[in-house]
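Residues per chain are reported as follows:
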2 protein chains.
Amino acid sequence: MVRVRMADVAARAGVSTATVSMVLNGVNSTRISPQTQQRVREAAEAVGYKPNSVARSLRTQQTRMVGLISDTIASTPFAGRMLAGANDVAREQGHLVVLVDTERDAEAERQALHALNGQQVDAVIYACMWHRVVEVPPGLPEDAVLLDCAPAGGGRAAVVPDERAGGRVAVRELVAAGHRRIAFLDAEERFELVASRLRYEGYLEVLAEAGIEPDPALHVRAEPVAGGGRDAARRLLDLPERPTAMFCFNDRMAMGAYAAAHHCGLSVPRDLSIVGYDDQQLVAAELDPPLTTIALPHYEMGRWAMEVALGLRQADPEVPHLMPCPLIRRASVSPPPTQFGD
Amino acid sequence: MVRVRMADVAARAGVSTATVSMVLNGVNSTRISPQTQQRVREAAEAVGYKPNSVARSLRTQQTRMVGLISDTIASTPFAGRMLAGANDVAREQGHLVVLVDTERDAEAERQALHALNGQQVDAVIYACMWHRVVEVPPGLPEDAVLLDCAPAGGGRAAVVPDERAGGRVAVRELVAAGHRRIAFLDAEERFELVASRLRYEGYLEVLAEAGIEPDPALHVRAEPVAGGGRDAARRLLDLPERPTAMFCFNDRMAMGAYAAAHHCGLSVPRDLSIVGYDDQQLVAAELDPPLTTIALPHYEMGRWAMEVALGLRQADPEVPHLMPCPLIRRASVSPPPTQFGD
DNA sequence: TTGAAAGCGCTAACAA
DNA sequence: TTGTTAGCGCTTTCAA
């Protein structure tokens, strides 16, 4: 397994390395005679030539690698889809992605930036695994793209989910089914989720557009996990005038809401309609009945970020790009039960 | 933002680039006077020198990058932990990981291998997101490490979960609680999951060691998702002599088993004990009661693979390394209900 | 104790 | 139409 260099190809084809370089890279190829080109290609094939990207990078000052710094890739099921989106675009463009996981540690971020800078990556993407507002780490290149997070100070290309529109879509689905008493099972404020406020705003907007007076009793908060959703849903179901539908901050809370409904002898969706958020495969699709929910566009955001990073697409650095969150219609929504007195 | 080269540091310190190189890399540093070293360091600091890894790589023939080819990073919640493990070791060793996702497409694999080879990565890891036996792709370097898969022909360093031992641990937990009628909710054979056979073998071994005659009626198969688990569990609960415990192929099937139990008015774990497999955070920990399960050691396997790849650890290429699957004890196991006639 | 110089493998002016 | 040559920024032998 000896490494074969361009000089070996040149020698075999009886030309200079310059000619080999031009032929193989298709540069100035009109200026080189077809028979020479042919000869070069055959020689390259014969000796099994593979270009050395490191040498090329040193010469051209571009590496065809892009660095992707993520705050924590380990602990979320969404990371994969984001990476996949970024990766697909990179591959289409003949680029490779260098991944660094920093666990949100400032020192690790600094090191990662150094390393990527040293490796002369052509672009950098800074990704978060939960939508949030971040302080841009010092040393992050000016043209870095932020993925699933927005810079506290603005001024950077960034892409985040359009949570407010997602909230609207979710609640409209419920309104369209005929619901008027729609609860919002929100995350507690201490988690400082930017999605929480935005989804709530979407909820309020749709109530307003449907002429429904928001009832503060129907906006409850809990820990955004199944247990929290269960407790919140129970409180709601104990209300004198219980809601006929629940919009949950996420699918895990929705899972808890299912449990609460069963506990109260209620059937989903006949007695209670539920819409989640996130479209977590392992939860939403596996619930019984399958959960209608709003998907987070991680794959698309990953693609978008890579496209901007590689200059395939322009981004307005002043305002984060809002990626639509599509409704995934499954089986947890139906018209409200008919009430006496209606 | 002009790039500063080693020559700039040399000029400022009034030495040659050779000296700068030696000082900054700590090579032959005993041979260079302390005051010169000091001067070099100050100069480097003053001009903000950052070494160019590309140039260094060209010269030294090593890039401090390792390629990680994964079959599909997008669609599994486990990928992250594997990547995290590999990444942590890489970082500890001053290496970077270059990630390529091939979606299990042979052509994409070929391209990826080319690209990584061109970038002169120091090592490559070939990772699967589900434990399986694979045909090693042509062109995979001899010293590549296989992660969560074993080579069909053998002969490569590889690491996989110890599924059989995991099955044993799961069933022993049930036996220790006093169960004798223990069902195994297995995946259907058409999915060709190597884990299926191994976990079943573990199950049988423990029955044997406990002197329990395996009842074929208690080994049922279904699609390894919640719906499949629910159906399989219902069939089991309809048996004249129903099992008091179920070991499920995975957490999703266990989720279905919970549903079936509720449906039959049975309480977990009072009337029915359940153990899962995988420790999927979003499922196992969120179930009510939380599910006792066996964890897949993805983080550890990721670490192991990277350690071998970087030569920190020796591997026997003849037999895949078996990584233990720990029991995660939660609340879905208790002694069997007291029976009349006992 | 330090410096000169020769490349690593490739690209791209400039010459021929 | 093709070849010569000068680097890209760094490491490392050898000489001083």
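Each residue is numbered by its place in its chain's sequence as written, counting from 1. For naming, the first written chain is A and the first written ligand is 1, with later ones following in the order written. Reporting in this predicted model follows two pLDDT cut-offs: at least 70 for local features of residues, and 80 or more for side-chain atom pairs to be given and counted; totals over whole chains, interfaces and linings ignore these cut-offs and use all residues. Each side-chain value is derived from all of the structure's non-hydrogen atoms; neither hydrogens nor water enter the calculation.

### What to know about the protein's contact with DNA strand C
Working definition: residue near molecule or strand if any one of its non-hydrogen atoms lies within 4 Å of it. Around DNA strand C there are 26 residues in total, and M6(A), Y49(A), R59(A), S33(B) and T36(B) lie nearest to it. At the protein interface, 70% of the atoms of DNA strand C within 4 Å belong to sugar or phosphate. Polar contacts here mean pairs of N or O atoms no more than 3.5 Å apart (in protein, one a potential hydrogen donor and the other a potential acceptor; neighbouring residues in sequence count only if both atoms are side-chain atoms). At 3.2 Å from a base nitrogen of DNA strand C is found a main-chain nitrogen or oxygen belonging to A55(A). A distance of 3.1 Å is found between a base nitrogen of DNA strand C and a side-chain nitrogen or oxygen belonging to R59(B). Numbering of helices and strands starts at the N terminus; helices are DSSP runs of H or I of at least 4 residues and strands are runs of E of at least 2. Among the secondary structure elements, those contributing two or more residues to the surface near DNA strand C are α2 (17-25) and α4 (53-60) of chain A together with α2 (17-25) and α4 (53-60) of chain B. Counting residues per element, the surface near DNA strand C draws most heavily on α4(A), which supplies 4 residues.

### A short note on the UniProt feature "domain: HTH lacI-type" (unreviewed entry) in chain A
UniProt positions are given in the numbering used here, feature names are shortened, and annotations may be inferred rather than shown by experiment. Taking the numbering used here, the UniProt-annotated feature "domain: HTH lacI-type" (unreviewed entry) corresponds to residues 4-60 of chain A. A distance of 21 Å separates the end C-alpha atoms of residues 4-60 of chain A, which is 68% helix and 0% strand.

### With respect to the relation of the copies chain B and chain A
C-alpha atoms of residues with pLDDT of at least 70 in both copies form the basis for the least-squares superposition of the copies. You can overlay chain B on chain A at an RMSD of 0.1 Å; the transform is a turn of 180° with a shift of 0.0 Å along its axis. Those values place the two copies in the arrangement expected of a two-fold rotation axis.

### Structural notes on the domain arrangement of chain A
For each domain, the first and last residues come from an automatic or database assignment. Partitioning chain A into structural domains gives domain 1 (6-60), domain 2 (65-160 + 298-322) and domain 3 (164-296). Placing the centre of domain 1 of chain A and that of domain 3 of chain A at their C-alpha centroids yields a distance of 63 Å.

### Brief notes about the protein's contact with DNA strand D
The immediate surroundings of DNA strand D are formed by 27 residues, with T36(A), R59(A), M6(B), Y49(B) and R59(B) found nearest. Each atom of DNA strand D within 4 Å of the protein belongs either to a base or to sugar and phosphate, the latter forming 67%. T36(A) is positioned with one of its side-chain polar atoms (N or O) 2.4 Å from a phosphate oxygen of DNA strand D. Interatomic distance of 3.1 Å between a side-chain N/O atom of N25(B) and a phosphate oxygen of DNA strand D. Secondary-structure elements contributing two or more residues to the surface near DNA strand D are α2 and α4 of chain A together with α2 and α4 of chain B. Classes in brief: Ala, Val, Leu, Ile, Met, Phe, Trp, Tyr, Cys and Pro nonpolar; Asp, Glu, Lys and Arg charged; the others, Gly included, polar. For the surface near DNA strand D, the residue count by class is 10 nonpolar, 11 polar and 6 charged.

### Concerning the pattern of salt bridges
All names here are of chain A. Think of a salt bridge as a Lys or Arg side-chain nitrogen and an Asp or Glu carboxyl oxygen that are within 4 Å of each other. Tallied over the full model, the rule gives 48 salt bridges over all chains. For D88, the salt bridge goes to R91, with nearest N and O atoms at 3.3 Å. Taken together, the residues span about one helical turn, with D88 and R91 both in helix α5 (residues 79-92) at a distance of 3 residues. Taking relative accessible area as the criterion, D88 reaches 11% and is therefore assigned buried. Throughout this description, buried means an accessible area under 20% of the type-specific maximum (1.4 Å probe, protein chains only), exposed means over 50%, and partly exposed covers the range between. Classification of R91 by relative accessible area gives partly exposed; the value is 28%. As a salt-bridge pair, E205 and R164 come within 3.6 Å of each other at their nearest N and O atoms. Of this pair, E205 sits in helix α8 (residues 194-209) while R164 is found in helix α7 (residues 163-176), placing the two residues 41 residues apart along the sequence.

### Some thoughts on the interface of chain B and chain A
Only heavy atoms matter for contacts: two residues are in contact if any of them lie within 4.5 Å across the pair. In this assembly, 49 residues from chain B lie in contact with 48 residues from chain A. For the interface between chain B and chain A, the tally reads 4 salt bridges. One salt bridge connects R252(A) with E286(B), and the closest N-O pair in it is separated by 2.6 Å. Run the count over chain B and chain A and you get 16 residue pairs in polar contact (both at pLDDT 80 or more). Where the side of chain B that touches chain A is concerned, the elements lending two or more residues are α4, α5 (79-92), β2 (96-101), α6 (106-118), α9 (226-237), α10 (251-263) and α11 (281-284) of chain B.

### Here we look at the pairing of strand β5 (residues 157-161) of chain B
All names here are of chain B. With 5 of 5 residues buried, β5 is to be regarded as a mostly interior element. Here β5 shows no split at all, with A157, V159 and P161 on one side and A158 and V160 on the other all buried. For strand β4 (residues 145-151) and β5, the ladder comprises 3 bridges, and the chain directions are parallel. By the bridge assignment, V145 is partnered in β5 with A157. Judged from the 3 bridges that link them, β5 and strand β11 (residues 321-323) form a sheet pairing that is parallel. Bridge pairing in β11 links P161 to M323. By the convention used here, strands pair only if DSSP detects at least 2 bridges between them.

### Description of the sheet that holds strand β8 (residues 245-248) of chain B
Residues and elements named next belong to chain B. The sheet built from 4 strands is open, its strands ordered β7-β6-β8-β9 with parallel pairing. The strands lining the two open edges of the sheet, one partner per strand, are β7 (219-222) and β9 (273-275). Across the sheet, the mean angle from the axis of one strand to that of its neighbour is 20°, orientation sign disregarded. As defined by bridge partners, strand β6 (residues 182-187) adjoins β7 across 4 bridges and the pair is classed as parallel. Bridge pairing in β7 places A187 opposite A222. Fitted lines through C-alpha atoms give the axes, limited to the stretch in contact for helices. The angle between two N-to-C directions lies from 0 to 180 degrees.

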